[in-house]
Amino acid sequence: METDLTRGSVFKSILRFCLPYLLSYFLQTLYGMADLFIIGQFEGVASTTAVSVGSQVMHMLTVMLVGLAMGSTVSIGQAVGAGSTEKASAAIGNTVTLFMALSVVLTAVLLALVHPIVAVMSTPAQAVSGTAAYLTVCFIGIPFITAYNIICSIFRGLGDSKSPMYFIAAACAANIVLDYLFMGAMHLGPTGAALGTTLSQAFSVVLSLLVVRRRRLGVTPRRHDFRPRRAVMGQLLRIGVPIALQDGLIQIAFIVITVIANRRGLTDAAAVGIVEKIICFLFLVPSSMLSTVSALGAQCIGAGKQARAIQTLRYAVLIAVGFGLAISLLIQRIGGPVVGLFTTDAAVITAGTQYLRGYVWDCLFAGIHFSFSGYFCACGRSELSFLHNICAIVLVRIPGVYLTSVRFPSTLLPMGLATAAGSLCSVVICVIAFVCIRRRARRAAQAAG
C-alpha cells in the first residue's frame, strides 16, 4: 500500500497524489452542506439555523484535528522516504495512541461545555435547544471523527491519497441516506442531522479498518509501537500543533470578518455569507497544494532528495498561480451570475459581486503560501506556517477588513481586497523564510565540505 513518491516525474507525482485529495476535499465540502440542504427541505428556520451554527463549531474542530494530523503525515512520510519501516511503525502507533487519548479528553470536555459554546456563538433563542442537541450528538461522535482523520493522515503519509477519497465518498453517501431517514422519515430535526453525520463517520471508520486488514499497510505496527515515545510524540506535536493552532485562528478570523459584515446590515451580511460558500469551492485547488507538498516533500526529504522536494514546491506554486490567475480573471467577468445562483435579491447580488471580485484574488495568493506551508511542514518547520498566517491575520486581514468596512460603506470591493491582501502578506513572509532556509542549508553544506 506504500507509494514511493521520490522517483519518476515530479509533475506526475503531484497530479497522482493531488487529484484524489482534491476530490476528497470536494466530497467533504458536499458532506458538510448536505445537512443544511436536507434539513431545509423538512424543517423550519430555527432547525436550519441550529444545524448551521452547530456545523460551524464542528468544522472548526475538524479543521484543527486535520492540522494536528499533519504531524503524522509528515513523520510517516519522512520515515517511508528514508526506508525505515521501524520509524514508520512507531509514528503510526504513537499517532493512534495520541489521537485516541485526545478524542476521549475532547469528548468529555466539550460535552461539559455544550451550553457555553452555544452562548458564545450568539445563537438565536429559537435555535438554542436544536443547536445544543446537534452539538451533543456530534461531540459524542468525536472518537469516530478523530479515527477517520488519523487513518487518512496515515494513508497520505504512506503516499496513498486514493483510499481516503473512497472513505469520504462512502461517508458522504451514507450521510445523505441517513439524513433523509432521520430528518425526512423520522422528523428528528437537528438531532437527526447530527446522528446522520456521526453514524456515517463511524461507517467510514469501519470501512477503512476493513480495507487496512484486507490489503495491509506495508508497515505493520507492533504492540510496543503504541507505547508513547518522547521523541516520536515530540515530532508529531512539534509539526502538528502549530498547524492546528493556525487553522483554528484562521477560522476565528473568518468569524470576526462575518461579524464585521453583519454590522453593515442584512444585505451585506447575506452577500458575504454567499461569497464565503463560493470561496470554499474555489479554494479546493489551493488547499490541496498544502497536503500534496507536505506528503511528497516529506518522502523526498526523508530520502535525502532535497532538490526534488524543492522541485515539488516549484511545480505546486506554478499550478496554484495558474489556477488562481485564471479563476480570478474569470470571476471579474462572471461574478454576478455566480452570486446569482444563490439569491434572486438584486441588492445582494450587487454587493456579493463586489466582494467576490476582490476576495477571489485570495485564490492566487493563498495557493502560493499554502504550497510554501506544505514545504515548511515537510521540513519539520511548521512553526513558519503558523507565523506567516498569524502575521497576516493580525497585521493585515482583520485590521484591513475593519478599516475598509468603515471607510467604504457603499461597496464591499475594498473588504474583499483587504482579505486577499492578508494572503499577499503571507506570500512575502514565506518567500523571505524560504530564502533564509536555503541560504542556511548552503552554508551548512559548504562548512561540511
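Relevant structure appears above.
My aim in this report is to walk through the structure given alongside it, one point at a time. Only a predicted model underlies this, so the values are computations on that prediction, with no experimental measurement involved.

## Describing the environment of glycine 81
Then comes step 1: Here glycine 81 shows up in helix α2 (residues 45-81).
Then comes step 2: Taking the C-alpha atoms as reference points, glycine 81 and glutamine 299, 218 residues apart in sequence, are found 4.0 Å from one another.
Then comes step 3: In contact with glycine 81, other than residues within four places in its own chain, are Gln299, Gly302 and Ala303.

## Remarks on the packing of aromatic side chains
Then comes step 1: Enumeration according to the criterion identifies seven aromatic pairs in this entry.
Then comes step 2: When the ring of tyrosine 355 is compared with that of tyrosine 359, the centres are 5.3 Å apart and the planes differ by 65°; the resulting orientation is edge-to-face. With tyrosine 355 and tyrosine 359 both in helix α13 (residues 346-359) and four residues apart, this pair spans about one turn of that helix.
Then comes step 3: Residue class for tyrosine 355 comes out buried when judged on its relative accessible area of 0%.
Then comes step 4: Judged by its relative accessible area of 1%, tyrosine 359 is buried.
Then comes step 5: Their ring planes at 65° and their centres at 5.6 Å tell us that phenylalanine 372 and phenylalanine 434 sit as a pair that is edge-to-face.

## Observations regarding the packing of helix α11 (residues 284-302) against helix α14 (residues 362-378)
Then comes step 1: One way to put it is that α11 packs onto α14 with a least axis distance of 7 Å and a crossing angle of 25°. One finds that α11 runs roughly parallel with respect to α14. Between α11 and α14 lies a crossing whose hand is right-handed. Side by side, α11 and α14 meet where Pro286, Ser287, Met289, Leu290, Val293, Ser294, Gly297, Ala298 and Ile301 of the first sit next to Cys363, Ala366, Gly367, Phe370, Ser371, Ser373, Gly374, Tyr375, Cys377 and Ala378 of the second.
Then comes step 2: Partitioning the contact of α11 with α14 into residue classes produces twelve nonpolar, seven polar and no charged.

## Section: a nonpolar patch on the surface
Then comes step 1: Together, Phe37, Phe42, Ile176 and Tyr180 make up an exposed nonpolar region whose accessible area comes to about 380 Å².
Then comes step 2: For the nonpolar patch, the elements supplying multiple residues, two or more each, are α1 (10-42) and α7 (162-185).
Then comes step 3: With respect to the helices, strands and loops of the structure, isoleucine 176 is situated in helix α7.

## Description of the pattern of salt bridges
Then comes step 1: Enumeration over the complete set of coordinates arrives at four salt bridges.
Then comes step 2: Across the pair arginine 229 and aspartate 225 runs a salt bridge whose closest N-O atoms are separated by 3.2 Å.
Then comes step 3: For arginine 229, a relative accessible area of 29% gives the class partly exposed.
Then comes step 4: Classification of aspartate 225 by relative accessible area gives buried; the value is 0%.
Then comes step 5: What you see here is one network of salt bridges that share partners, running through Arg222, Asp225 and Arg229.

## Overview of helix α12 (residues 306-340)
Then comes step 1: Given a rise of 1.5 Å per residue, 35 residues ought to cover 51 Å, and the 47 Å separating the end C-alpha atoms of α12 matches this to within 8%.
Then comes step 2: Isoleucine 334 marks where α12 bends most, by close to 75°; the proline proline 337 follows one to four residues later.

## Some details on α7
Since the α-helix advances by 3.6 residues per turn, residues separated by three or four positions end up pointing in the same direction.
Then comes step 1: Compared with the 34 Å implied by 1.5 Å per residue over 24 residues, the 34 Å span of α7 between its first and last C-alpha is a close match.
Then comes step 2: Two residues or fewer after α7 comes histidine 187, characterised by a positive phi angle close to 55°.

## Focus on the packing of helix α6 (residues 142-157) against α7
Then comes step 1: Across the interface, α6 lies against α7 with an axial gap of 8 Å and an inter-helix angle of 155°. By the angle between their directions, the pair α6 and α7 is classed as roughly antiparallel. Judged by residue contacts, Tyr148, Ile151, Cys152, Phe155 and Arg156 of α6 engage Ser163, Pro164, Phe167 and Ile168 from α7.
Then comes step 2: Looking at the contact of α6 with α7 residue by residue, the classes come out as seven nonpolar, one polar and one charged.

## Focus on unusual backbone geometry
Then comes step 1: Even without a glycine there, the phi angle at histidine 187 is positive, about 55°.
Then comes step 2: With respect to the element layout, histidine 187 can be found in the loop between α7 and α8 (189-215).
Then comes step 3: Of the residues examined, histidine 187 reaches a relative accessible area of 53% and is grouped as exposed.

## A word on the nonpolar core
Then comes step 1: If you look at the biggest cluster of nonpolar residues, it comprises 65 residues, and the most contacted ones within it are Tyr355, Leu356, Phe372, Tyr375 and Phe376.
Then comes step 2: Examining the composition of this core, we find that eleven residues originate from one element, α14, more than from any other.
Then comes step 3: Leaving out residues up to four positions away in the same chain, phenylalanine 376 has contacts with Arg381, Ser382, Leu384, Ser385, Cys430, Ala433, Phe434 and Ile437.
Then comes step 4: One finds Ile39, Val51, Ala132 and Leu135 within the second-largest nonpolar core, a separate group that totals 23 residues.

About the thresholds
Residues numbered from 1 in each chain as written. Predicted model: local features only at pLDDT ≥ 70, side-chain atom pairs only at ≥ 80, totals over all residues. Heavy atoms only, no water. Helix = DSSP H or I, 4+ residues; strand = E, 2+ residues; numbered from the N terminus. Contact = heavy atoms within 4.5 Å. Phe/Tyr/Trp six-rings, centres within 6.5 Å; stacked < 30°, edge-to-face > 60°. Buried < 20%, exposed > 50% of the residue type's maximum accessible area, 1.4 Å probe, protein only. Axes fitted to C-alpha atoms, helices over the stretch in contact; angles between N-to-C directions. Parallel < 35°, antiparallel > 145°, perpendicular 65-115°, else oblique. Left-handed = near helix turned anticlockwise from the far one by under 90°. Nonpolar A, V, L, I, M, F, W, Y, C, P; charged D, E, K, R; others polar. Patch = residues over 30% accessible without salt bridge, like charges linked within 9 Å, V, L, I, M, F, W, Y side chains within 5 Å. Areas by Shrake-Rupley, 256 points an atom, 1.4 Å probe, with all protein chains shown as cover. Salt bridge = Lys/Arg side-chain N within 4 Å of Asp/Glu carboxyl O. Expected span 1.5 Å × (residues − 1). Bend = angle between axes of the 7 residues up to and from the residue. Core = buried A, V, L, I, M, F, W, Y, C linked by side-chain atoms within 4.5 Å.

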